[in-house]
Amino acid sequence: MEIDIKVLEEAVVLFYRSESSQQARAHEWLSQVQLSPQAWQFCWELMAPDKTCEVQFFGATTLHSKLLKYWHEVPKEMHEELKQKLLQAIVAFGGGPKLVLNRLCIAFSAFIVHMLEEWPTAIEDVTNTFQNQQLANLSVNTQIWIMMEILGGIPEEANAIYTSVQRAMLRQEINKRTGFILSTIDGYLSVKCDAPGLEDEDTASMLRAVKCGGLWLKNGHPMDSCLKFAETLLKLVNKCYWSCVQGDGCMSADENELAEVCLETLSFIMVQPDAHRYSNTALVMIRMFLESLTEILKAEWRENNLNEDIAVGIYTLLIASIESQSRLLLTGIASDSAEHRELYTRLIEEILQCTNKPGIYPVEESCSVLAMGFWYMLQDEVLSLDPSVQRSKCMETIRPLYAHLTKVLVRKAQQPNEVSIERWSSDDLETFRCYRQDISDTLMYCYDVLHDDLLEIFAAILDEGILAVQSDQLNWPKLEAVIYSMCSIAEHISVTENIVIPKLMHTLSEIPYETLNEKLLGTALETIGSYCEWFKENPVYLPPAIDLLVKGLNSTMASQATLGLKELTRECQMQMKIYAEPLLKACEQSLHGGHLKNAESVRLMYSIGRLMSMLSPDKIPACLDLMVSPCFEELQLITQNRTQTEAAKIRTLFRLNMVSTLYSSLNTKGVQQENTDSTNAQPVLLVMERTMPIFRQIGEMWIDDTQIIEALCNSLKYAVTNLMNDSKPMLPDLCCLIISIFQTKCVCPAMDIAKTCIIMFYNDADMHAKMHQLLVEIIAYNIRHFEQIPENNFSDVSDLLESFFALNAQIVRKLPVAYSRGDIDCYKLIFFAMKAMVLPESGPTKYSTQFLNHFIMQSRQYPNMTTAIIERGGQIIQTTLLCIGSLTPRTQVEVFADIFLSINKKYPQELIVWLKILATPQFPTALVTDSEKNTFMNTIIREKVNKRIIQGQVREFSAKCRGILEKI
């Protein structure tokens, strides 16, 4: 293709300076241009001095792209010329723009990687060229910057270039030069470290040098060969920090970045894959870190310190170092060597200081979050040791450490009070919420080490919190933090604990919440819910807990109150029976008081259902009427007025969700006393009888709104699964409702409730006919719907196909006789199952395959199903092979193993015939050979039992069909 440079320049400018639609067209054309062989010529023209920066950058990017992917287009005799042109371009752009210079340096890195075999001393020669300032037109700092940019790009380009050399061999060849690179960088940095002061013009080059070292270290290098380099980096960190402290005390952005990159590069040394092989060197390194960096940490160990970033970097390095040598840590803890023990004690003390950083995270400090993972790792490593002297010694050592940590974590969990919170943004508050969750998790690890000793610590801090609040109400965060901490470990506490938890519950009931911050009440309510299992075994403490929850229902903390009440009624239902009536009255007042949010009202209905289940049968109807009549009255009003506004939709969803929650929790069976009349109808059934006409109207009115139909069907599903056999009287009306929905529109939620009903009642003598008719009509309505879908538009109904075949897969597995009567078209079911199989969406593929698998396994029992498989089996195998070969994402092809296994079990002779389609040339793709197809076919035919083997074969065959695996 002829490429006009002027047109090309205009396209580049259009790409960088136009709207998104024009950008997309320009990008597509420019990408095609970059692929052309002429790009090797025009890229140099685009980098001419008179071109705009955008055009020059596109020229440099094109050159890099060609070197990356199309090296084979460069004749060997042109290699030297290309090298010289690259160097000339780098020199020409030495003064900027830096964007173009950077891209040219990376392009030269790619060139060097390609040339390593032909030019084995390339790295050394390039280093010599720039290190000895052999380019007179460039400043010393610019030459160093360019050299480091080129050297730093080499390991990255080695992982990215298209080359005939095996990647592992190329990496191995690159890694041989790591020692030379580190020595070069170390030599340069050592000179700068020894020089007085830190000149601004040197900082950029030093930063580039350290980054270059980090890029080479990422591939790994013997740790014992990194000691000198590490020592230089530590000197540089200290130079950056202490030079600034002598001035205004605040590091500049450049100094900060340089120190941060040094610390990050030191981390690369410590966490490389082979770090465990260098335990002695690791000890030396850790000692170096502690001796060199702890003075900086001491200087910055205060809230709102000026140089928080360097403290974060140092703590990150220490934690990474010890996490990569965790077994070495345990050896040090249990060591008889005083030197080793002292080193690890010192290191752990520094990490504890990290957690104990003064101030509140994240506004006044940002270090304490870093060590949370370390505290998990330490106790996990100790507890995973086999019971031995070493484990006992380690536990003895870490117990006081975790006791101290517990006190630190409770303090760090303190929320900002009314005075300090004015400085907090919404993002800060969300970050702090996540941080408190980390503290909560870490306290559970503390419990694993301390057990009941942790409760004693909490008890002492609880006393301190009470005294603090009594002295000043602004101290409420101290009390709230310890209550939160005790809430965090609730699931670990034994139900027989009878000292500290009773004290906690007494404290919760005595706090004067009206005079304190509302957050304290919220945490107290959450704590009551967390201890629901403990209350079950200690019901004597329920009355004050219930009183507090009722108080919470009428406060701004109603969300926590409804959550706590839900937990209590779920776990302690029988223990709360004597409180059911007054509690229901309180719930009713809150529910109709108008101050609860929708989600809170829905949640409260769960507790109402659980409590109402314990009332005597004669009291339930009146209570039901009080609780649910407003729901149905509002729904009735909306349906009568045919109001379909957004507000009406929100209210309809809200009321349906309330009813659903009640249906899921209200069940008198197993709760009522033994002498209660068992003939009493279940309350949910009474509600359903009254409301089914309203539900039908809702279904008709909102048929096009998936959310409402889903909420409606969920409500009915909860009712059926709750009532079980007791729901039989309502099944005829329920079936009519489901059919009326399908007559208007095929929707997924209706499919789910239909599946539940059919599976539960198909074999019931009274309901069999209705359930079979329901199944037949659902299948018929959906098939008619699918027949109207254009050939290439089945993805538009992928969710419906998924639900449809999920229903059929379950029913054909559990009730295969339903498909044997001739009134269900098995051929069309198989046809649309194959349509679903070939879709890119995973759901239809999964469930259509499940359906075919179960259908095949059951088919030999019923002649019509047998005939359908024999007549359509060839198409099933053909479609399955096409899916494996190219149509289905390769991560999902394992599901097709089931089809091969089921056909091989039930139709082994037919399978041999059907698999002969593999003899068709270029089927399923042109990338798989006849030999590979024969191997696959023979394995499928031979293996009738082991699903894992078939899955492996399917994965491998799929990869070969797509040209991913090398031919063997």
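Residues numbered from 1 in each chain as written. Predicted model: local features only at pLDDT ≥ 70, side-chain atom pairs only at ≥ 80, totals over all residues. Heavy atoms only, no water.

### As for the overall build of the protein
Right, on to step 1. A tally of regular secondary structure across the protein gives 44 helices and zero strands.
Right, on to step 2. Across the 968 residues that make up the protein, the buried fraction comes to 54%.
Right, on to step 3. Between the mean site of the 86 positive side-chain charges and the mean site of the 118 negative ones, the protein shows a separation of 7 Å. (Helix = DSSP H or I, 4+ residues; strand = E, 2+ residues; numbered from the N terminus. Buried < 20%, exposed > 50% of the residue type's maximum accessible area, 1.4 Å probe, protein only. Lys, Arg positive; Asp, Glu negative; His and termini not counted. Charge placed at Lys NZ, Arg CZ, Asp CG, Glu CD.)

### Overview of the pattern of salt bridges
Where charged atoms from two side chains of opposite charge approach closely, those side chains can pair.
Right, on to step 1. For the structure on display, the rule yields 38 salt bridges.
Right, on to step 2. The partner of Asp-186 in a salt bridge is Lys-228, and the shortest N-O contact between them spans 2.9 Å. Taken together, the residues Asp-186 in helix 10 (residues 178-194) and Lys-228 in helix 12 (residues 227-245) connect sequence positions 42 residues apart.
Right, on to step 3. Look at Lys-228 and you get partly exposed, because its relative accessible area is 47%. (Salt bridge = Lys/Arg side-chain N within 4 Å of Asp/Glu carboxyl O.)

### Structural notes on a negative patch on the surface
Right, on to step 1. On the surface, Glu-199, Asp-200, Glu-201 and Asp-254 cluster together into a negatively charged patch.
Right, on to step 2. Among the secondary structure elements, Glu-199 is positioned in the loop between helix 10 and helix 11 (200-217).
Right, on to step 3. Residue Glu-199 is classed as partly exposed on the basis of its relative accessible area, which comes to 42%. (Patch = residues over 30% accessible without salt bridge, like charges linked within 9 Å, V, L, I, M, F, W, Y side chains within 5 Å. Areas by Shrake-Rupley, 256 points an atom, 1.4 Å probe, with all protein chains shown as cover.)

### Describing the confidence of the model for the protein
Right, on to step 1. When pLDDT is averaged along the protein, the result is 91; 97% of the residues meet or exceed 70.
Right, on to step 2. The secondary-structure element of the protein with the lowest mean pLDDT is helix 16 (residues 326-333), recorded at 78, while helix 22 (residues 476-488) shows the highest, at 97. (pLDDT = per-residue confidence, 0-100.)

### Some thoughts on the nonpolar core
Right, on to step 1. Residues Trp-375, Leu-378, Tyr-531 and Phe-695 are the most contacted members of the largest nonpolar core, which totals 333 residues.
Right, on to step 2. With eleven residues, the single largest contributor to this core is helix 6 (residues 98-115).
Right, on to step 3. Setting aside residues no more than four positions away along its own chain, Trp-375 makes contact with Ile-348, Ile-351, Leu-352, Thr-355, Leu-401, Tyr-402, Leu-405 and Thr-442.
Right, on to step 4. In this structure, Ala-11, Leu-30, Ala-39 and Phe-42 belong to the second largest nonpolar core, which totals twelve residues. (Core = buried A, V, L, I, M, F, W, Y, C linked by side-chain atoms within 4.5 Å. Contact = heavy atoms within 4.5 Å.)

### Quick notes on helix 3 (residues 39-46)
Right, on to step 1. When you tally the buried positions in helix 3, you get six out of eight residues, the bulk of the element.
Right, on to step 2. All buried positions along helix 3 are accounted for by Ala-39, Trp-40, Phe-42, Cys-43, Trp-44 and Leu-46.
Right, on to step 3. In this structure, the buried residues of helix 3 make contact with helix 1 (5-17), helix 2 (20-35), helix 4 (53-69) and helix 5 (79-92).

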